[in-house]
Structures are given as C-alpha cells and as structure tokens.
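Notes for the structure review
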Protein chains: 2
Amino acid sequence: MKELIENRISNLRIEMQKKELDAYIIYGTDPHLSEYIPAYWQTRPFISGFTGSAGMVIVSLTKVALWTDSRYFLQAEEQLSGTGIELVKMRVTGQPEPAEWLKMNLERGSSVGTDEGCISVNQFRQFESRLSQSGILLKESGDLLKAIWIDRPTLPDFQVYEHELKYACTDRKSKIETICNELDRSGAQIQIITALDDLAWTFNLRGSDVECNPVFMAYACVSRKETILFIESKKLSAELRNKLEAEGIQIKAYDELFNFLTLLPSTTTILIDPDRTNQAILKSLPGSCKVIEGLSVPCKLKAIKTEDEIRNIRQAMRKDGVAMLEFLFWLNNNLGIIPVTEYTVAEKLNEFRARQPEFKGISFYPIVGYKEHGAIVHIHVTEANALAIEPDGFLLFDSGGQYLDGTTDITRTIALSELTTQQKTDYTLVLKGMISLTVAKFPVGTRGYHLDILARKALWQHGLNYGHGTGHGVGYFLNVHEGPMSIRQEFNDQAIEAGMVISNEPGLYRSGAYGLRTENMIVCLKDESTEFGDFLRFDTLTLCPIDTKGIDKSLMNPEEINWLNSYHQRVFDELESLVTGELKVYLKELTNKLK
Amino acid sequence: MKELIENRISNLRIEMQKKELDAYIIYGTDPHLSEYIPAYWQTRPFISGFTGSAGMVIVSLTKVALWTDSRYFLQAEEQLSGTGIELVKMRVTGQPEPAEWLKMNLERGSSVGTDEGCISVNQFRQFESRLSQSGILLKESGDLLKAIWIDRPTLPDFQVYEHELKYACTDRKSKIETICNELDRSGAQIQIITALDDLAWTFNLRGSDVECNPVFMAYACVSRKETILFIESKKLSAELRNKLEAEGIQIKAYDELFNFLTLLPSTTTILIDPDRTNQAILKSLPGSCKVIEGLSVPCKLKAIKTEDEIRNIRQAMRKDGVAMLEFLFWLNNNLGIIPVTEYTVAEKLNEFRARQPEFKGISFYPIVGYKEHGAIVHIHVTEANALAIEPDGFLLFDSGGQYLDGTTDITRTIALSELTTQQKTDYTLVLKGMISLTVAKFPVGTRGYHLDILARKALWQHGLNYGHGTGHGVGYFLNVHEGPMSIRQEFNDQAIEAGMVISNEPGLYRSGAYGLRTENMIVCLKDESTEFGDFLRFDTLTLCPIDTKGIDKSLMNPEEINWLNSYHQRVFDELESLVTGELKVYLKELTNKLK
C-alpha cells in the first residue's frame, strides 16, 4: 500500500507540474457535494490510503498533508503510517488550517489547483480569499486524478425508480410549480438543482447510487420555460423515461448540463445556492447572466413536511418502533446466554427492521457502543473490532431505516445491570435535556441556536457537556442528514418552522468508560397565536420505550416525569395492536409508569 | 417650526445640487458614533424637527423621509405633521428600508451623499453595496449642514477630569501597555481609539460633554512608538496636561488626527474597528498602509472588569441599594397622601441617589411607567405627560446612577394594590425568567444569544414575549450601554467572559394596561473546570428588594424560591448596617422569606 500511495502521489505531481501548480487540493467530495460518495469520487482514499468518511488532502511538490477530525485520529495515524503523509488534526490548537498550511509551505506567487467540480462556490471563495492575502493564486484546474487513476471505478449506473404518489404525497408537477412560484418571488428565472436529495424530492424519484441514501446522480434545471433532468439514459427504464417526458420533463445526458448552461440566453437570471453548487457550475454560466445567490428552493421546500408526509412518517415510526421492540426483546432474552457483540447488535437491528413492510434499507450504519466504545461518538462497528457484550454497564445503539413512508433515526442507551450513582445521574441529565427541548414552545422566527441550550442546561449545571450538535433535519425517505435547519450552538440563520422534522439527541461521553445518548425524532407544529406572536412546539415522532432503569427520579421535576409517563403511554397505545403474546407483555413492562 | 424646517430643507437641497447629489443621508450620530450626542451633532432634529433619540433622515431633491422605531411613531407623527416629511416605520412589514427607499425614488446613475465623518465603516459599506446593485453611487460628501446651519451650537468645551486611581484601579500606563500587547498579538502597530467610552477608560479621564455619560470628545492613537491624545486644549487644565505629558502622552488638537493619519509611514499596520470607526478616518489613511479589521482593543479590555473594579461596583451597589430603599420607603409613606406622579417618582429617584457619596449624576433619564405607561418601553417622563399615581395596579421604574466607583442600572415593578390572577401570573413569569438567567452555568465560549432563551422560556410557555433584548453590558463609571457583548436573540459573536458586567432585564408589556420588568445587574464569574470544559456563572450585583406582592408562588419551583429568599437575605445583610430606625424595619419587611 505504501508504495502504491507513493507512486500515485508522484504521478499526481507530474500532472501538477504540467499545469504549473505548486500544490493541489483534494476536497474529497463529489460534484453534488454529497455526504456519502460513490466509488468514482472516492479521491481521498485513492491518493492517501485513508478511508475515514471526512477529511481533505493537499499535495505540494514536496509534502502531503491530510486533515481529519478527532473521530479518525487513530485510524489516520495507522493508515498514513510510512507514507510520509503528514496528519493534521482538525480543531486542535496549534494545528494549521489548510489555507494556513499552504501559506507556511508556499512562496508568494505560487499557484494552487483544485477540481472546481468538487468544491462548493463558498468553499472555493473562502479559500481563494485567504490565499490571495499571501499572494497565492487558487486555480480551477479540473480533476487531475483522471489522468493517473487507471482502474478508477465507473460512475454508478443503478436504475432510478419512482417514489409512488401514495408515498410522495405531492406530484412532480405541483412541486415544480411551487419551485417556479418561489423563483418568481426571488426574481430569478432558473433554479439549477445539484444536491441529490433536492433532486430526488423534486422529481419523486429515488435511486441506489450511494449507500444508505436513496438518491441517484443527476442534475436538473427548473424554470417556467422548461424542466430538464440531466441524467445518464441507462439509469431510466423506457417506461419511466416516457412517463417523465409525457409530463413535459426533458431528459438530457448527465454531462449535458454544462453545455446547456454555457448556451443560456444572456438575459437569464439564475438562482445559485453557493453552499450546494459546485464552482464549475458557476464558472460555466455566461458572464452576462445575472446570478442571485440564495438557499436552494427545493432544499427549503422539502424540509417543510406536508401533513400527508407527517401522517406517513408516523406510520413508518410505528414499524420502526416494533422493530426496535423486537430487538430489545431479543437482547433481553439472549444476553448472557448466547455470545452477543456490538456487531451482532448492529446486524440484529438491521434484521428486525428488514422484516417491516416498505423497508428499503438502513438509513446509516448502526453506531453500537458498549461501555467505553459508547464514548467514541461515531464508532464504526466491524466484526473485527466489536466488543463482546456482557450483562454489565451501558449499551448505546443509534440506528435507522429507510421506509417508503419515511426515514428513521433513533438512539437508545440501556442499562444492562445495576448502575452507579454517577451513571444514573449522567443518564438522567441527558434525558432531562431531551425532554426540555421536546416540550419547548417558542415564537415563529426562533433559530436552532436559540433552542440548543435547552438540551444542555441540565448537563451544564453539573459541569458536563457533549461535543456534537443536538439536532439535524431528517429527510422523508431520503437522507438522514438534511438541511437547511439544525439545532446546535453554531450560527445557522434558518428559523425552525412548522413541518420541519428534526432529531433531538443530547448525549454524554465519559472517555474510556461509557457513552450515553437518547434520541427521538420530533416534528415542529403550530401552537397558539397570541398578541405576542405565533408560537410553535414540537411533537415526538419516534415510538420506542426509553429505558427507565437508568433514571434517578429525584433529579426530575414533575413536568419531566409527566412527559415521560405520557410518552410511554403513547408508545404503548400506538404499538399495542401491532404486537402479540410475550412481546406485548414486554412492551407493557417497558412502558410502565415511572415508580 | 414648519416653515423653518421647509427652509432648512430647501437650503440643504441647494448644497446638494452644488455637489451634484440626488439625495443626502443624515445618519444622526456623531464622529464617535455615540448613542448620546452633543448639540453640535444633533443633525436629525435640525433638519426634521423630530427630537426622538433614534432615527435617520434622507433628503432627495423632491422628497424627505424619516425612519424611526416603534417607540417614537406617535411622537414622530406629531412632530413631522405639516412638514411634508414622510414617516417610515422601522421593522414594520411593508415599510421600505432606507436603501430600498432610495432605490424606489432614484434612477440608475444617481448619486447619494452622506457625511463620512458620522457613519461607521460598516454602515457605509453596507449602504454602498446595496445601492450599487441598483447602479446608485454612495459618495463621501462631507457635512453639508455646515453651510446652512447658521446658529449651530459649538462643540462642547467642558473640562476633562481624572478618574482617580483609587477608583480607576489600573493606571494609564498599564492599560496602554496591555493595548500594545494585544496589538502585537493581532499583528497591528496602531490602534485608533474613536469611541468616547474606550477613550475615557484608556486614559482614566472623564468629562461632561454628553448627558448621563461621563465622556469627553477626543480621539487617540496608541502604539509602541507613541501615545497621542487628540483633544481641544481648553478641555485640559494646565495641571492635567502637564501630568499627562509627563507620562509620555502627547497632546494634539482634536482635528489634528486627520493630518496625523495622512502622514503615517506607508508600512504602518493599523487596527480599525469597522463598527466603531467612522468612514472619514478609514479614508484618511494612506493607501499603502495595511488595515487589520477587528474589535477595538480597549472596547474588549474595558468590558472585562478587574477584581478591584468589581469590588468597587459592589460598593456602588450598596449605595444605590440604600437610595432605592429610601425611595421605596418614601413612596410607601406618601402614596395616597400627597400627590405623586411619574415625574415626582423620577425626581425622587434622582434625589435619593444624589445624597449618596461619590455620586456624579444619573446614568440615564429614569423610565417611570404607571399602569398603561408601563407598556411604553422607553417612555420619557416629563412634567406635562406624567400620570398621577394612585394606590392601584403596577408601577415600573428603571433608573441608574453614575458613581465614581460604578455605574448602576436597575428596574423594579411594584404592586400598589391587590392584583388580578393574570397580573400575578405575568409578574411571576417575568421574575422566573430573570432568575433562570441568573442561575445559569455555562461553558466558556457561550454567546449571549445562546443564553437569551433562559429569560424568555417561562413567558413563551404561556404564549407571552417581550420585544427587547435581555441584557446589555454596563460600563464602570461610564456608559450605561456598553459593548461588545449582549444577551439577546440577535447574533453577536462575542462570548460572555468572566468579568463582564451585564444587565438582566426580561419584561412583559400589555399595551394599554401595564408593563412589567425586573432588572438586576449581574457579573460573570469563573465556576468549576471539568474534563468537559471551563464553566462560568453569574453573580448578582444589584442590591434591592424585589416586590413579592406580585408573586404567585405556585408557579415557582423550589430552586427559584430558594434563589429569591437567599437574594433577599443577602440584600438585608449588605444594606442593614447602612440604614437605621424605620428604614431598617422596612428593609427587613421587604426582604422577608417568601410565605
């Protein structure tokens, strides 16, 4: 592997020299700026051998550096060992950011290249501006790996299928009409759709091009004049193609987008989302076109779930709840009797979900953390690294499914034995945070960064905290991470609006000991309107018992106890008719009132 | 008045035409971008007749418009009546912002002027960028009123005095050395100090150039090479001038700043705070100088009070607490017996404070609101508009003093009779919010916009809210409103740090009925450090009983009741030795445990 990597880097340097580049940045995403990436765009592992899901690489003529975050420090050290690639730890004091590293290693007047097709407009702009302060030029140099990656995987050619109207709830025509209305309001004529989940939502189509997310590689342009889907024709059956064309949707080849943009009339006004559009698209627009920058219209529209979608999600939640209950029942019956590992747990979670109707796959790889593994926030469980689970301490599992009627994401932490006082306090404080956010009522206009403290306050009072966000948007039979809203400390100017579906997942991680997280999905609904404003609230979507063995009731106030009891009553009422026999008895036991 | 205003506007238009301007913006502040403004810079009332404390005016060749906020809608309507000046209501849906108004009223290619000496770099930049989108040019046209304002007041020439070291706690030399250290860290050589409170703090000097704020008109430049104070020489006594010069501080004339800047060596790196520096200063820098933009160093430094300053503030709080207690005692003994109006209350508040040692004046005009006047958030009480106060309903009073050892700002709302259920609920919810923020514990790095919800949550749960921020910084024998931090919904990237002194003032305003606000000053202190971070908390500085007659105890949780009881115990303990006789008995009565 070491020689292979060295060889690739030296080949890349030959290409860099041909283009007179002193360094080359590999951002490691795809032209749609996706979180999960098809093999063709797995450029970071190709050049560095590092297989973690986040990071970037910079190759200069004499050095190579890889940036990644704390989740992957150990893995990166191992995988980079012997390659001469420097590991730079992100968000660690004293470690240089990529632009700083370039400034330290390059002279004024140097040129740095990057593939403009795999970097967002805003990322390119920020890099360009920081480098220019030191007299370094950032160039759009194209994908240099094309010339050196001999056995590069092909682009995915999986078939696209329809998300049937009974699930999608709103037809394509209406969605496109709504997009055009929003374009009119913003003064733009064309929306270029580049994010794969925006695209899937707009056209009620789904695919299998990346793992866990039911999306497919394509672009689209929507305007009052025409709707064009840019997609490889082999991905569409003749039947589906005919159907789309009959609805007035033009089909063009995936790469045709760039020709189309180049030939746009000079008076066109185009809406570009600088965080969701790659730099190559912006550069291909005729200079005479007017660009309006703003949030992608389908990104905003799809985040506001319709009443029909929410009704369907509740149905998916019942199925997911049954699968979770079956898993809990299985674990309870088998732990201490047959060998159980973190890997078995992940497999079993997937297996019970797969039995449910309309299940289409998992929405992400289960995160299963027993004892000290629970404190590794994004642990990736394999057969090789899985811990054996004994009837002792905490087990954390975060998992989710893709159903035709909804995407789920749930975390539970359960006590496998009697707990210490500290364990109980920790568990209860995390639960208090989750409840506090759940029962919040707030005026229209409130941002996620206003609400985030509700999930942390109880922990903070005890000098505790967690290092991740509290909530992310969740797609509707789409990506499990969906924008534009979030509930976290970081500034995000998107208000939380009625119809948004968000996770609620405070946690606590004691390194080397255990990790705790309790996660429900919640939906924002309208509450009362008063002379002081229109108010919103949350309703919980997830239907699965919360382990009460970890609770220290003396730390909870009456409102919190009431919430938990009525939540458990609701879980029982919703799931009762879907289970029988011993499983129903177990459901009853898990949803009993707090003693 | 109407003719006078028309005459002034037509004179201004002649000046505009001489400069080929299609419109002229009067921002209404001074070269130091102050909140309180000397008469010389009262440009907004001069041109419009409107005397409110906030707003801006734009004069085009055919129209005049004035923007102000909801506090002043009624007053502006009255004062603008008959002048032909259009009132534009700020933050009201459908009302154009100034840049929009200009776009609506001017052709492409038009020129708009403004006095670059009275607008911040950032304000100028934002205006320029928005206008340029419509092909309108923003020009630095100087102060056009100079030519037409015949009887313009002179610049204030009040004497500057020293803030003695026993009060200032840190000598000038040390402060200047700290500023230079911070400059070194940011890579800049010179700090231009423009904000009057930054200046007063840096030099341990005070003045009387504006009402309520003990500041004086001057600029300064601080660098390792030299410290220069730009000030009119008549403002300094020979003795003070000699003393400053003996300490190595150069004194130059106020206007000399601009010559000095123009002649800076071309290699100089200058720190400019774009929110606290006027555009004229930026423009006067040689083009070859390097500008680093960032928060003014003394602005940040003075916000972090030293332990000595905090000890002194606690002393000022004891005096302020006695004055407040004397006022409460006087009101209790006289209400219903002699005529009492809102105006009397304001006068009495000032009178009791004035009896305290080291008192130097009020820190702002008392806001006194009886019944429906309480719902007018920034009511300005005059003898003419004051309501007579009866022993019925709520009375709100917000007031503060300038002492050599601290600036105070306190609001109390008291019940003058039995209350309705709604009144009690409202009062209790506001108090709950104030307590919730007071007892917060939070990690280093937390911003004010994270904490703001703590003060609102109880109100929000009842569909209530208030339309102002929760907390502002308070100066040390300086301005009652001080940056850079705040506790409010709006984004402000300044973290709350140990040593910061902030107000904590949630409220509730029922239009036409009553207003409620309870305000204490709090100081941020270090709390514990754990593996999860370094934590901070607040301690209350204000020492004055909170009226318990308005409290519905059933709405309060045990932690809140404990806080109130121990706060009252502390108020008693701190003030007891400073009062005697009936006043001490009254103090005991007001600080009794909640029944």
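Summary of the structure given here. (Residues numbered from 1 in each chain as written. Chains lettered and ligands numbered in written order. Predicted model: local features only at pLDDT ≥ 70, side-chain atom pairs only at ≥ 80, totals over all residues. Heavy atoms only, no water.)

1. Details of unusual backbone geometry
Residues A:G483 and A:P484 are joined by a peptide bond in cis, for which omega reads 0 degrees. Its place among the elements puts A:P484 in strand β23 (residues 482–487). (Helix = DSSP H or I, 4+ residues; strand = E, 2+ residues; numbered from the N terminus.)

2. Here's the deal with the interface of chain A and chain B
With 29 residues of chain A at the interface, the matching set in chain B holds 29 residues. Between chain A and chain B, the buried area comes to about 2,500 Å², and carbon and sulfur atoms account for 58% of it. For the pair chain A and chain B, the number of links is two salt bridges. Applying the counting criterion to the chain A and chain B interface returns eight residue pairs in polar contact (both at pLDDT 80 or more). Of all the elements in the fold, those that place two or more residues in the side of chain A that touches chain B are β21 (441–443), α17 (448–461), β25 (507–510) and β27 (520–530) of chain A. Ranked by residues supplied to the side of chain A that touches chain B, first place goes to α17(A) with eight residues. The class makeup of the residues in the side of chain A that touches chain B is 15 nonpolar, nine polar and five charged. (Contact = heavy atoms within 4.5 Å. Buried area = accessible area lost by both parts, 1.4 Å probe. Salt bridge = Lys/Arg side-chain N within 4 Å of Asp/Glu carboxyl O. Polar contact = N/O pair within 3.5 Å; in protein donor to acceptor, adjacent residues only side chain to side chain. Nonpolar A, V, L, I, M, F, W, Y, C, P; charged D, E, K, R; others polar.)

3. Describing the pattern of salt bridges
Here the structure, examined in full by the defined rule, presents 86 salt bridges over all chains. One salt bridge connects B:D320 with B:R353, and the closest N-O pair in it is separated by 2.6 Å. Taken together, the positions of B:D320 in helix α14 (residues 307–334) and B:R353 in helix α15 (residues 342–354) put the pair 33 residues apart, joining distant regions of the chain. With a relative accessible area of 1%, B:R353 lands in the buried category. It is possible to trace a salt-bridge network through shared partners that takes in A:E162, A:R172, A:K243 and A:E247. (Buried < 20%, exposed > 50% of the residue type's maximum accessible area, 1.4 Å probe, protein only.)

4. Some thoughts on the side chain of B:T407
All names here are of chain B. Position of T407 among the secondary structure elements: in strand β19 (residues 406–407). In terms of polar contacts, T407 uses its side chain to reach the side chain of Q402, at 2.7 Å. Among the polar contacts made by the side chain of T407, one reaches the main-chain amide nitrogen of L478 at a distance of 3.0 Å.

5. Things to note about helix α4 (residues 98–105) of chain B
All names here are of chain B. Considered for burial, the residues of α4 that qualify are P98, A99, W101 and L102. Taken around the axis of α4, the buried residues stretch over an arc of 160 degrees, which confines them to a single face. Packed against the buried residues of α4 are β1 (23–26), β2 (56–60), β3 (64–68), β4 (86–89), β5 (111–114) and α5 (121–132). (Arc of directions from axis to C-beta.)

6. Considering the nonpolar core
Residues and elements named next belong to chain A. Ranked by size, the top nonpolar core spans 81 residues in total, and within it F327, L331, V345, L395 and F397 carry the most contacts. Looking at this core, the element that brings in the most residues is helix α14 (residues 307–334), giving twelve residues. Not counting chain neighbours up to four residues away, the residues in contact with F327 comprise V345, K348, L349, F352 and F397. (Core = buried A, V, L, I, M, F, W, Y, C linked by side-chain atoms within 4.5 Å.)

7. Description of the sheet that holds strand β13 (residues 269–272) of chain A
Residue and element names in this part refer to chain A. Taken together, the six strands give an open sheet; going across it, the order is β12-β11-β10-β8-β13-β14, and neighbouring strands pair in mixed fashion. Every interior strand has two partners, whereas the edge strands, β12 (249–252) and β14 (290–293), have only one. The sheet shows a mean angle of 25 degrees between the axes of neighbouring strands, taken without regard to direction. Sheet analysis places strand β8 (residues 190–193) next to β13, joined by two bridges and oriented parallel. Each residue of the ladder has a partner; that of I190, found in β13, is I270. Across the face of the sheet, helix α10 (residues 238–246) comes into contact with β11 (227–230) and β12 while running at roughly 130 degrees to β12. (Pairing = 2+ DSSP bridges. Axes fitted to C-alpha atoms, helices over the stretch in contact; angles between N-to-C directions.)

Purely geometric stuff here, so don't read any function into it on its own.
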